Amino acid sequence: MSDSMSHGTEDVVGVLTERIEAHFGMDVAQLKAAVATAPTANPDATDVIRWHGLLVEAQSVLDRAEDDLLAALETQPSEVDDPTMGLAYRVNAAVTARDGRALVVRWLLDPDAPGKKYLAAERLARLRPRTGPTVQTSPPPTHGRTPAGVGAASGKGRPMSWFIKAPRCPTSRLPR
């Protein structure tokens, strides 16, 4: 996020709202209506509208916290008391929440953002139907029978009793 946005000199919500409208080519109200009508039609629009709503909510919490802090500071003498300091911490937390949500909205709008290329490929792979048979990763079930030519039943290999009676390794004499 740019310094001007994080210092509050610009309206963060307004700037990002304009970027959303430019990105999707429609007003945010229209985009919200389209997402409400068909939330799965465009997952990117759905995500942006969800996070934009969270951003608007965080901005209103910040505005209230700042108003409360200013009102408390107007009644303070030269020293700030603990309740007023608590309001300052509340403002700080609200700024952090708002800026974090703004970063998410910016990330969602940036097609070249780190991690986006792999995310898009993953989504595409999930949506694309499989064209061939899956690769078998385990042997076929034997239904309780040992396949011919494998293990102790065929006379090949060592019986399980060999494993149990194998001599111990010198390092295995550690106390138990």
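Residues numbered from 1 in each chain as written. Predicted model: local features only at pLDDT ≥ 70, side-chain atom pairs only at ≥ 80, totals over all residues. Heavy atoms only, no water.

A. Examining the packing of helix α2 (residues 12–24) against helix α5 (residues 82–109) more closely. In the contact formed by α2 and α5, the axes pass within 11 Å of each other and the chain directions differ by 15 degrees. In this view, α2 runs roughly parallel relative to α5, as classed from their interaxial angle. For the pair α2 and α5, the sense of crossing is left-handed. For the pair α2 and α5, the contacting residues are V12, L16, R19, I20, H23 and F24 in the first and R98, A102, V105, R106 and L109 in the second. Residue composition of the contact of α2 with α5, by class: seven nonpolar, one polar and three charged. (Axes fitted to C-alpha atoms, helices over the stretch in contact; angles between N-to-C directions. Helix = DSSP H or I, 4+ residues; strand = E, 2+ residues; numbered from the N terminus. Parallel < 35°, antiparallel > 145°, perpendicular 65-115°, else oblique. Left-handed = near helix turned anticlockwise from the far one by under 90°. Contact = heavy atoms within 4.5 Å. Nonpolar A, V, L, I, M, F, W, Y, C, P; charged D, E, K, R; others polar.)

B. How the structure looks around the confidence of the model for the chain. Overall, the predicted model of the chain reaches an average pLDDT of 79, with 62% of residues at or above 70. Taken as a whole, residues 1–9 scores under 50 in pLDDT and shows 15 contacts with residues more than four places along the chain or in a different chain. (pLDDT = per-residue confidence, 0-100.)

C. Seen up close, the pattern of salt bridges. Per the stated rule, a full pass over the model turns up two salt bridges. A salt bridge links R90 to D68, with the nearest nitrogen and oxygen atoms 2.6 Å apart. Residue R90 is found in helix α5, and its partner D68 is found in helix α4 (residues 43–75); the two are separated by 22 residues along the sequence. The shortest N-O distance in the salt bridge between R98 and D99 comes to 2.8 Å. In this structure, R98 and D99 share a single accessibility class: buried. (Salt bridge = Lys/Arg side-chain N within 4 Å of Asp/Glu carboxyl O. Buried < 20%, exposed > 50% of the residue type's maximum accessible area, 1.4 Å probe, protein only.)

D. Spotlight on a nonpolar patch on the surface. A surface patch of nonpolar side chains, about 490 Å² in accessible area, is lined by L70, L73, V80, M85 and Y89. In this fold, L73 is placed in helix α4. (Patch = residues over 30% accessible without salt bridge, like charges linked within 9 Å, V, L, I, M, F, W, Y side chains within 5 Å. Areas by Shrake-Rupley, 256 points an atom, 1.4 Å probe, with all protein chains shown as cover.)

E. Quick look at a negative patch on the surface. Residues D11, E18, D63, E66 and D67 make up a contiguous surface patch of negative charge. Counting residues per element, the negative patch draws most heavily on α4, which supplies three residues. Among the structural elements, D63 can be located in helix α4. (Lys, Arg positive; Asp, Glu negative; His and termini not counted. Charge placed at Lys NZ, Arg CZ, Asp CG, Glu CD.)

F. Quick look at α2. The end-to-end C-alpha distance of α2, which contains 13 residues, comes to 18 Å, matching closely the 18 Å that a straight helix rising 1.5 Å per residue would cover. Residues V12, V13, L16, T17, I20 and F24 constitute the buried set of α2. The buried residues of α2 all sit within an arc of 125 degrees when viewed along its axis, so they share a single face. Away from its buried face, by an angle of more than 90 degrees, α2 presents the exposed residues E18 and A22. Just downstream of α2, G25 is the residue with a positive phi angle, here 70 degrees. (Expected span 1.5 Å × (residues − 1). Arc of directions from axis to C-beta.)

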